[in-house]
Amino acid sequence: MTPSHPPLMSLEQALEQILDSINPIKDVETRGIMDAFGRILAEPIHSPLNVPPYQNSAMDGYAVRSADLPASGNTTLELIGTSWAGTPFAGEVGEKQCLRIMTGAKMPAGADTVIMQEDVQKTDQQITIGDGHKAGQHVRHIGEDIREGAQVLQPGKILKAAELGLLASLGIAEVQVRRPLKAAFFSTGDELRAVGEALEEGQIYDSNRYTIFGMLKGLGVEIHDLGVIRDQREEVEAAFSRAAELADIVFTSGGVSVGDADFVQQTLEKLGTVNLWKIAMKPGKPLAFGRIDDAYFFGLPGNPVSAMVTFYQVALPALHKLMGQTPHPPLQLKLRCLDSLKKRPGRTDFQRGILDYEGNELVVRSVGAQGSHILSSMSRANCFIILPAEQGTVKAGSKVEVQPFSSLM
Ligand code: AMP
Ligand code: MG
């Protein structure tokens, strides 16, 4: 392959090749469940108990025997005590008796039905109830949520708030999780200055390192920021070696476009195996992917929007796989687009859009200018509008595929 004529590849093909070559990290650690937040579960979790573990009341009210419910008219029951949440009633509810019971409190022996407190008339040690109650109402049954022995979580699941609570509800204090992924990144380009430095003629601030940092941070990755590297052979080479030593995966931005003063590619050919692709997507055409020593490598395009789009659309599924996470394609909606969208057939477009309501209907509109250097468009947007390769210009009012940013992490 000659570097100046990389093959054009569909996004699907590129993704398939990349995902095929990725082996998930194997190292597993045991962590307390709070420390396991955001980590990837490495074992199946089976429930050691029934949830709920005992029959209990779903309401504050009175536990009664369904046999005592009146078919019509009223009936009066003798109140024999209370079952509190945490302090069950020891005795049994007999014929024409009832028990005061709180939400979550254990159902007493003999009773099988709960009457809401709003539905009774209470006089000293008696209650009166009317008809229309159903046998067994307002009772939570043993194992209704989870049966003992059932598998509740699969390996590959990311542990978020609901999972921590679920584990806790089963009395599970520790779990096996994959170790965190380590990522290193740097920017390349003589025109780039770090924030805090003064800009001279022909220079710009490096923003890609910050967007890459933010996107990785959202994934709970251990981050190594190697700064801005000048377009000089020795510096680029040293940066790559150091990055590969520190991390499981290395990201760079810039220096992968065809015709660039391009040490990135030459260095990579020396240190590892790297493919430079022209992907049929817009923005984000040039992309390098491969290995440096034991680390995976993504060379993202330099243009700020291209770097973000390629990260989300190409690198993110690879990161998920590397972390050991079960694949989960992002949410995609088909919505009416209020604006016309300029597009030429040939590449898959990831235009920036804004999800909005028009009356009751969820619709999408364009953020406007779609240049790959217009980073403010990413900040104004809350979704990608995905236009398939063969698609031409979209007329206002047509349906388009929309991918909310919120579903991308
Ligand atoms: P390159 O891929 O190096 O040819 O860069 C393409 C465009 O992206 C040029 O306009 C660069 O100035 C710009 N660019 C490259 N790297 C960065 C960066 N880290 N932050 C902001 N802009 C960048
Ligand atoms: Mg450059």
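Everything below is about the structure printed above this text.
What comes next concerns the included structure.

The six strands are arranged β8-β5-β7-β6-β10-β9 in an open sheet whose pairing can be described as mixed. The open sheet is flanked by β8 (113-116) and β9 (120-123), the only strands paired with a single partner. Neighbour-to-neighbour, the strand axes of this sheet turn through a mean angle of 35°, independent of strand direction. In the sheet, strand β6 (residues 75-83) pairs with strand β10 (residues 126-129) via four bridges, with the strands oriented antiparallel. Looking at β10, one finds that T76 is bridged to T128.

With that out of the way, let us pick up empty space enclosed by the protein. By the definition in use, this model includes one cavity of 30 Å³ or more. There is about 80 Å³ of room inside the largest cavity. I25, G38, R39, I40, R178, R179, P180, L181, L219, G220 and M323 are the residues that line the largest cavity. Looking at side-chain class alone, the lining of the largest cavity contains six nonpolar, two polar and three charged residues.

To continue, consider the pairing of strand β24 (residues 348-358). The element β24 is extensively covered by neighbouring structure, given that eight of its 11 residues are classed as buried. The pairing of strand β20 (residues 281-282) with β24 spans two bridges and is parallel. Paired with K282 across the two strands is D349, which belongs to β24. Bridge count between β24 and strand β26 (residues 383-387): five bridges; the pairing is antiparallel. Residue Q351 lies in a different strand from β26, and its bridge partner there is I385. Examined bridge by bridge, β24 and strand β25 (residues 361-366) share six bridges and lie antiparallel to one another. Its bridge partner being in β25, D356 is matched across the sheet by V363. The hairpin formed by β24 and β25 contains two residues between the paired strands, and G359 there has a positive phi angle of roughly 65°.

Turning next to the pattern of salt bridges. With the rule as written, the count across this model stands at 13 salt bridges. Residue E29 is joined to R31 by a salt bridge in which the shortest nitrogen-to-oxygen separation is 3.2 Å. The class for R31 is partly exposed, based on a relative accessible area of 30%. Taking the shortest distance from any N to any O, the salt bridge between R336 and E361 comes out at 2.8 Å. Of this pair, R336 sits in strand β23 (residues 333-337) while E361 sits in strand β25; the two residues are 25 residues apart in sequence, bridging distant segments of the chain. The partly exposed category is assigned to E361, whose relative accessible area is 30%. Salt bridges here are not isolated pairs; linked through shared partners, they connect D27, R179 and D248.

Another aspect to go through is the packing of aromatic side chains. Within the structure shown, the criterion is met by 11 aromatic pairs. Taken together, a centroid distance of 5.3 Å and an interplanar angle of 40° make the contact between F251 and F311 tilted. Here F251 is found in strand β18 (residues 249-253), whereas its partner F311 is found in helix α6 (residues 304-323), with 60 residues between them in sequence. As far as burial versus exposure is concerned, F251 and F311 are alike and both buried. Measuring from ring centre to ring centre gives 4.9 Å for F289 and F298, while their planes differ by 50°; the resulting arrangement is tilted.

Attention now moves to the layout of surface pockets. Approximately 590 Å³ is the volume found for the largest pocket. If you trace the largest pocket, you find 26 residues lining it, with L15, Q313, P317, P329 and P330 closest to the centre. Of all the secondary-structure elements, those providing two or more residues to the lining of the largest pocket are α1 (11-20), α6 and β24. Broken down by element, the residue count for the lining of the largest pocket peaks at six residues, all from α6. Broken down by class, the residue content of the lining of the largest pocket amounts to 14 nonpolar, nine polar and three charged. Its boundaries defined by the atoms lining it, the second largest pocket holds a volume of some 490 Å³. Residue lining of the second largest pocket: 30 residues in total, with S257, P301, G302, N303 and P304 positioned closest to the centre. Those elements that provide at least two residues to the lining of the second largest pocket are β16 (204-205) and α6. Looking at the lining of the second largest pocket residue by residue, the class counts come to seven nonpolar, 16 polar and seven charged.

Criteria and cut-off values
Residues numbered from 1 in each chain as written. Chains lettered and ligands numbered in written order. Predicted model: local features only at pLDDT ≥ 70, side-chain atom pairs only at ≥ 80, totals over all residues. Heavy atoms only, no water. Pairing = 2+ DSSP bridges. Helix = DSSP H or I, 4+ residues; strand = E, 2+ residues; numbered from the N terminus. Axes fitted to C-alpha atoms, helices over the stretch in contact; angles between N-to-C directions. 1 Å grid on protein atoms, 1.4 Å probe; cavity = no way out; pocket = protein on both sides within 12 Å on 5 of 7 lines; lining within 4 Å. Points joined across faces, edges and corners; volume = space filled by probe spheres on them. Nonpolar A, V, L, I, M, F, W, Y, C, P; charged D, E, K, R; others polar. Buried < 20%, exposed > 50% of the residue type's maximum accessible area, 1.4 Å probe, protein only. Salt bridge = Lys/Arg side-chain N within 4 Å of Asp/Glu carboxyl O. Phe/Tyr/Trp six-rings, centres within 6.5 Å; stacked < 30°, edge-to-face > 60°.

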